[in-house]
Amino acid sequence: MLTIHCDDVKAIRHELAVYVSDQIGAVPTLKTSEFVLSPVEDEPIDKTLAVTAIREYIESLGETHNFDIIPVQNEIFIKSITGKIIERDTRKDPGMFSCPHCGFLTKYEEEYQTHIKIHYF
């Protein structure tokens, strides 16, 4: 498991989790200010690939000069260099629902509730 701390980029942690997990083939689990990547198989997650994917995503936003990605053991910290914090209008982003069992992501609560049923029936 690999934990990515997103305190300075909380507004984009959903999109970042999806992008990074797609790039390295892992299952994301969203938390309040971080997300955790779990391996799909028993192989460990390559931290270097995760750091590269995070840098690519930050670069796609044009924010590489404002943020640094710091890997420490099984954690990665995304820290603001200049004090800038990425913020978005929360009225436009209804949030995401993440399945705690398999990492399935959706922005629709009804779809999430329907998905959860497959784990219990």
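The structure we're discussing is the one just above.
Residues numbered from 1 in each chain as written. Predicted model: local features only at pLDDT ≥ 70, side-chain atom pairs only at ≥ 80, totals over all residues. Heavy atoms only, no water.

**Section: the overall build of the protein chain**
Reasoning step 1: Helix and strand counts for the protein chain stand at three helices and seven strands.
Reasoning step 2: Ordered by position from N to C terminus, the α and β elements of the protein chain give β-α-β-β-α-β-β-β-β-α.
Reasoning step 3: Computed over its C-alpha atoms, the radius of gyration of the protein chain comes to 15 Å, within 12% of the 14 Å expected for a compact globule of 121 residues.
Reasoning step 4: Across its three principal axes, the protein chain shows a C-alpha extent of roughly 50 × 40 × 20 Å.
Reasoning step 5: A buried classification covers 39% of the 121 residues belonging to the protein chain.
Reasoning step 6: For the protein chain, the proportion of contacts with a sequence separation of at least 24, taken over those separated by at least 6, is 48%.
Reasoning step 7: Accessible surface computed for the protein chain: about 7500 Å², of which carbon and sulfur atoms make up 50%. (Helix = DSSP H or I, 4+ residues; strand = E, 2+ residues; numbered from the N terminus. Rg over C-alpha atoms; globule rule 2.2 N^0.38 Å. Buried < 20%, exposed > 50% of the residue type's maximum accessible area, 1.4 Å probe, protein only. Contact = heavy atoms within 4.5 Å. Areas by Shrake-Rupley, 256 points an atom, 1.4 Å probe, with all protein chains shown as cover.)

**Overview of the pattern of salt bridges**
Reasoning step 1: Evaluated as defined, the whole model comprises two salt bridges.
Reasoning step 2: Among the ionic pairs, Asp 68 bridges to Arg 55, the shortest N-O distance being 4.0 Å. A residue pair is termed long-range when its members are at least 10 positions apart, and Asp 68 in strand S4 (residues 67-72) and Arg 55 in helix H2 (residues 47-60) qualify at 13 residues.
Reasoning step 3: A relative accessible area of 33% means that Asp 68 is categorised as partly exposed.
Reasoning step 4: Between Lys 84 and Glu 63 there is a salt bridge whose closest N-O contact spans 2.7 Å. One end of the pair, Lys 84, is in the loop between strand S5 (75-80) and strand S6 (97-98); the other, Glu 63, is in the loop between H2 and S4, and 21 residues separate them in sequence. (Salt bridge = Lys/Arg side-chain N within 4 Å of Asp/Glu carboxyl O.)

**Details of the environment of Glu 56**
Reasoning step 1: With respect to the secondary-structure elements, Glu 56 resides in helix H2.
Reasoning step 2: Along the chain, Glu 56 and Phe 97 lie 41 residues apart, while their C-alpha atoms are 24 Å from each other.

**Brief notes about the pairing of strand S1 (residues 2-5)**
Reasoning step 1: Across the two faces of S1 the burial is the same, with Leu 2 and Ile 4 and Thr 3 and His 5 all buried.
Reasoning step 2: Direction of pairing for S1 relative to S5: parallel, over a ladder of three bridges. The partner of Thr 3 across the bridge, within S5, is Glu 75. (Pairing = 2+ DSSP bridges.)

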